[in-house]
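Below, each chain spelled out in residue letters.
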Amino acid sequence: MMKTAKTYDAMRNDFMEAVRISMKSDVGPIQKVYDSLQELDGDKRTALDQGFRDYLLLLLGKPQETQVWERFLSLCVEACRREMATVTMPVVLLGDIFDCLTLDRCEQLFTFVENGVSIWKEELFFTACKNNLLRMCNDLLRRLSRSQNTVFCGRILLFLAKFFPFSERSGLNIVSEFNIDNITEFSNDEAVDTTKEAVEKMDESMDEGNADKIRIDYSLYSKFWALQNFFRNPLLVYNKVQWKIFTNHTDSVTSAFKSWKLEGVQNKKLVTAEQMVTETMDREHYFAKFLTNQKLLELQLSDINFRRYVLVQFLILFQYLNATVKFKNENQELRPNESEWVKDTTDQVYSLLRETPPDGETFAKTVQHVLKREESWNNWKNEGCPELHKPATPAEEATEDDKRQNSKIPKRPKKRIGTIIKEAQAQKKFMMGNPELTRLWNYMPDNLEACRAPERNFLMSLEDYFKDAIEQLDPAAMVEDQYKVVNDGNFGWRALRLLALQSSHFFTHSNNPINKLPEYLEAMIKKIAKERPIMLPSGEKQEPLDVAESNTVLVNETEAMAEEEDELLKSDEKRDEMGSEEQPETPEASQNAPGIAAHIMDAVAKNIDAQWRELAEKMGFTDTIQYIEGSLQSDLERARYVVQLWAEDDLDNSAEQLAKSLEAHGFPKAAAVVKQSL
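Here the residue index of a chain counts from 1 through its sequence in written order. It should be noted that, the model being predicted, local features are given only for residues of pLDDT at least 70 and side-chain atom pairs only at 80 or more, the latter also being counted only at that level, while totals for whole chains, interfaces and linings use all residues. Side-chain metrics rest on all non-hydrogen atoms present in the structure, leaving aside hydrogens and water.

### Focus on the overall build of the protein
How we decide: Only DSSP runs of H or I covering at least 4 residues are called helices, and only runs of E covering at least 2 are called strands; the numbering of each starts at the N terminus. Only protein chains enter the accessibility calculation, which uses a 1.4 Å probe; a residue is then buried when its area is under 20% of its type maximum, exposed when over 50%, and partly exposed in between. Note on areas: these come from Shrake-Rupley sampling with a 1.4 Å probe, and a residue is covered only by the protein chains present in the view.
In terms of regular secondary structure, the protein is built from 34 helices and two strands. Out of the 678 residues belonging to the protein, those deemed buried represent 32%. As displayed, the protein has an accessible area near 44900 Å², and 52% of this comes from carbon and sulfur atoms.

### Focus: helix H33 (residues 655-664)
Under the convention used in this document: Here, the arc refers to the directions that run from the helix axis to the C-beta atoms.
Regarding H33, the residues found buried are Ala655, Leu658, Ala659, Ser661 and Leu662. Buried residues of H33, seen end-on, are gathered within an arc of 165° and therefore sit on one face of the element. Exposed and oriented more than 90 degrees from the buried face of H33 are Lys660 and Ala664.

### Section: the side chain of Gln319
Our working definition: Here, two residues are considered to be in contact whenever any of their heavy atoms come within 4.5 Å of each other.
Here Gln319 is to be found in helix H16 (residues 304-322). Setting aside residues no more than four positions away along its own chain, Gln319 makes contact with Leu371, Lys372, Glu374 and Glu375.

### Observations concerning the packing of aromatic side chains
What counts, and what does not: Put simply, two rings from Phe, Tyr or Trp (the six-membered ring, in Trp's case) pair if the centres are within 6.5 Å, and we call them stacked under 30 degrees between planes, edge-to-face over 60, tilted for the rest. As a reminder, the over-ring test applies to NZ of lysine and CZ of arginine, requiring each to be within 6 Å of the ring centre and within 35 degrees of the ring normal.
Using the criterion set out here, one finds 31 aromatic pairs in the structure. For the pair Phe163 and Phe164, a centre-to-centre distance of 4.9 Å together with 75° between the ring planes defines the contact as edge-to-face. Overall, Phe164 belongs to the buried group, its relative accessible area being 12%. Three or more aromatic residues joined by ring pairs form one cluster here, namely Phe98, Phe110, Phe126, Phe152, Phe159, Phe163 and Phe164. Above the face of the Phe363 ring, Arg308 is positioned so that its terminal group lies 4.2 Å from the ring centre. Directly above the ring of Tyr320 sits Lys328, whose terminal nitrogen or CZ lies 4.5 Å from the centroid.

### Quick notes on the confidence of the model for the protein
The condition that has to hold: Per-residue confidence from the predictor is given as pLDDT, running between 0 and 100.
On average, residues of the protein score 77 in pLDDT, and 75% of them reach the 70 mark or higher. Mean pLDDT across the elements of the protein bottoms out in helix H10 (residues 196-207) (45) and peaks in helix H17 (residues 336-355) (94). Within the model, pLDDT remains below 50 along residues 1-6, and this stretch shows zero contacts once partners closer than five positions in the same chain are excluded.

### Concerning the nonpolar core
A general trend in soluble globular proteins is that nonpolar side chains are found buried together. As a reminder of what qualifies: Each nonpolar core is a collection of buried residues, namely Ala, Val, Leu, Ile, Met, Phe, Trp, Tyr and Cys, held together in the definition by side-chain atoms within 4.5 Å.
The biggest cluster of nonpolar side chains holds 57 residues, and the ones touching the most others in it are Ile30, Phe52, Phe72, Phe98, Trp120 and Phe159. One finds Phe246, Leu297, Leu301 and Leu317 within the second-largest nonpolar core, a separate group that totals 37 residues.

### Digging into the packing of H16 against H17
To be explicit about the condition: For helices, the fitted axis covers only the stretch in contact; all axes are lines through C-alpha atoms, and the angles between them, taken along N-to-C directions, range from 0 to 180 degrees. Our angle categories are set so that under 35 degrees counts as roughly parallel, over 145 as roughly antiparallel, 65 to 115 as roughly perpendicular, and the remainder as oblique. Each crossing is labelled by how the near helix is turned from the far one, with a counterclockwise turn of less than a right angle marking it left-handed and a clockwise turn marking it right-handed. Amino acids outside the nonpolar list (Ala, Val, Leu, Ile, Met, Phe, Trp, Tyr, Cys, Pro) and the charged list (Asp, Glu, Lys, Arg) are all regarded as polar, and Gly is one of them.
Across the interface, H16 lies against H17 with an axial gap of 10 Å and an inter-helix angle of 150°. Taken as axis vectors, H16 and H17 run roughly antiparallel relative to one another. The way H16 lies across H17 gives a crossing that is left-handed. Contacts between H16 and H17 involve Arg308, Leu311, Phe314, Leu315, Phe318, Leu321 and Asn322 from the former and Ser339, Trp341, Val342, Thr345, Thr346, Val349, Tyr350, Leu352 and Leu353 from the latter. Of the residues belonging to the contact of H16 with H17, the class tally is eleven nonpolar, four polar and one charged.

### Quick look at the packing of helix H8 (residues 123-143) against helix H9 (residues 150-163)
Between H8 and H9, the least distance of the axes is 11 Å, while the angle of their chain directions is 165°. It follows from the interaxial angle that H8 and H9 lie roughly antiparallel. At the point where H8 passes H9, the crossing takes the left-handed sense. For the pair H8 and H9, contact is made by Phe126, Lys130, Leu133, Leu134, Cys137, Leu140 and Leu141 and by Phe152, Cys153, Ile156, Leu157, Phe159, Leu160 and Phe163, respectively. For the contact of H8 with H9, the class distribution of residues is 13 nonpolar, no polar and one charged.

### Considering the pattern of salt bridges
Rules: For this analysis, a salt bridge means a side-chain nitrogen from Lys or Arg found within 4 Å of a carboxyl oxygen belonging to Asp or Glu.
All told, the structure shown has 17 salt bridges when counted by the stated rule. Measuring nitrogen to oxygen at the nearest pair gives 3.3 Å for the salt bridge that ties Arg12 to Asp54. Taken as a pair, Arg12 in helix H1 (residues 2-22) and Asp54 in helix H3 (residues 41-60) lie far apart in primary sequence, 42 residues in all. Notably, a salt bridge pairs Arg81 with Glu78, separated by 4.0 Å at the nearest N-O pair. In this pair, Arg81 and Glu78 are both assigned in helix H4 (residues 66-81), three residues apart and thus about one turn of the helix distant. Taking relative accessible area as the criterion, Glu78 reaches 27% and is therefore assigned partly exposed. A single network of salt bridges, built from pairs that share partners, joins Glu78, Arg81, Arg82 and Glu122.

### Looking at the side chain of Asn233
The topology assignment puts Asn233 in the loop between helix H11 (218-232) and helix H12 (240-259). By relative accessible area, Asn233 is classed as buried at 18%. With sequence-adjacent residues up to four places away left out, Asn233 is seen in contact with Phe178 and Ile180.

### What about unusual backbone geometry?
In this chain, Pro357 is followed by Pro358 through a cis amide linkage whose omega measures -5°. Its identity is not glycine, yet Glu83 carries a phi of approximately 60°, on the positive side. Within the secondary structure layout, Glu83 lies in the loop between H4 and helix H5 (89-100). Of note, the phi angle at Cys385 is positive, near 55°, even though the residue is not glycine. Relative to the assigned elements, Cys385 resides in the loop between helix H18 (360-382) and helix H19 (394-397). Judged by its relative accessible area of 9%, Cys385 falls in the buried class.

### A word on a nonpolar patch on the surface
Stated precisely, the cut-off is as follows: Nonpolar side chains (Val, Leu, Ile, Met, Phe, Trp, Tyr) within 5 Å and like charges within 9 Å form the patches, drawn only from residues with over 30% relative accessible area and no salt bridge.
Taken together, the side chains of Phe430, Met432, Leu437 and Trp441 define a hydrophobic patch exposed on the protein surface, amounting to about 370 Å² of accessible area. Residue position: Met432 is located in the loop between helix H21 (417-426) and helix H22 (435-443). For Met432, a relative accessible area of 38% corresponds to the partly exposed category.

### Considering H11
Our working definition: Take the number of residues in a helix, subtract one, and multiply by 1.5 Å to get its expected span.
Its 15 residues place the ends of H11 22 Å apart at the C-alpha level, agreeing with the 21 Å of an ideal helix rising 1.5 Å per residue. Burial analysis of H11 places twelve of its 15 residues in the buried class, the great majority of the element. Taken as a whole, H11 has its buried residues at Tyr218, Leu220, Tyr221, Ser222, Lys223, Phe224, Trp225, Ala226, Leu227, Gln228, Phe230 and Phe231. On its buried side, H11 packs onto H12, helix H15 (297-301) and H16.

See the structure below:
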């Protein structure tokens, strides 16, 4: 063990020294040390990884220029490409460096990450490093302030957008969620400056020709900043009350913008486009949330960027309200009058953008173009975010034509789709647009005829299915009962289904109870043998009554059974005719239920009496309430019949069980009567 540890430490020191030398030249010294360690091939890569990390600790000990970090990371990338170091090592080192540097130095070093996006997208690094890169960028974003480090945050997000493909859904807002945590706070108390200086200042502004401007009071101030609630959560607009608030606030703000013209800015000397670009590059923009103090609103209305930000927010919200979003509910839709108001207000906002100098017309067109592109992205999300592919270049599209021209093969003129359909109709065929569908459809154009085709009839006839069973019934066959097919459960189940479809005897009324399925099947087979011909082995059909001489007994028994059933049916009919002249049977005529004495049932009925309906519902006889009420005259008889129904329905119909049931259903007095009668 000691020898192995010492050997690993020696390798690590050799690699750290090789990294130090390679910083001044190339990766050659590292490659030389790596190749010299043939006997410890498994530990070489681990030792080199640790050598990079040890040398990183030396670099972090004193301030370094950005070029030094870039050189160090490039050296590690080259070692990974030569399969000497672990693939994730460059990103691990990057994360350690960002953790130790200040935010200003991190912003400078992040240029190396941005410029190396092609490196990270290589097949060697992408799969192994994408999670580490995402974690590193998220750690940086947590350290940054969205208001103070806006540019750096934007650079990180743009890098992630370049690095991950469109098919990567981790960076997409799939379900169209809103950042409702972005709350804009403003003063809720009306603060009016009534000092003498403020009054004099207001009078001076009135004298200077600002009388047509809308007064900046607390009402306008609160309406203006309250609109931010709708901008951060557009779904509020679909509420009727919130819609009225939104339209009222919007009209007030747009009226303020119309009256508050930026005349001073319009009279300034116009600058050229080149000068504007130069000023933009020299000046670092600071994007922060605007202050919401009431005293600043008048100055903010005179600011160009402030006005444009607010107006563009209106346009984004209006576009969402009119757009078809997959994750909107059915009730989240504007009514016709609301859509008309949105359309008119959108035109007013674009008009204000065109009036805002400088280059208002160009800015309005740019915003319109950006929102048009946003519609395309919204449609892409509605379709489930399919993977995007580059369109084929004209050179690739013309490859087949070039081959035909080079080989001097004449091009076949393509037939029009209308011509192809006409030719198919002339041949009484169908053209489905797909070769396989066309072939299948024309195989049998008439669907009903295809269903009636003989080859689709998979059901056997009664004669074929019961042929063996009929032969086994013949005493001459000498087949024992245990070997007959009628005793097979599978045969019996299929026989019942076949009889239900093809035999009228299956539904014939009979008073003879069926104890066993084999006995029933034998009786049915005898009837089938009597009525239907049997196919003989020679191919000839035998007459129904001449099954076999030995079957004479079976036929006679069958006839006797049929005559017996006819007599039973006739006796039933006579009984029905005689009973039709008598009064219909009522519940009162039924016998007492076994297990409960008549005096107990009478005592319970007297105790319940008028509550018989409630007892019937609780015992589950709701369906018979109407029948009981129409058949019996008094509540006492009805109550007794309900108790009798319970006794006939329940398996345990003893008096003790009746007492328990009455007590459980909320009739303790009736239960006590039963207990006393025992």
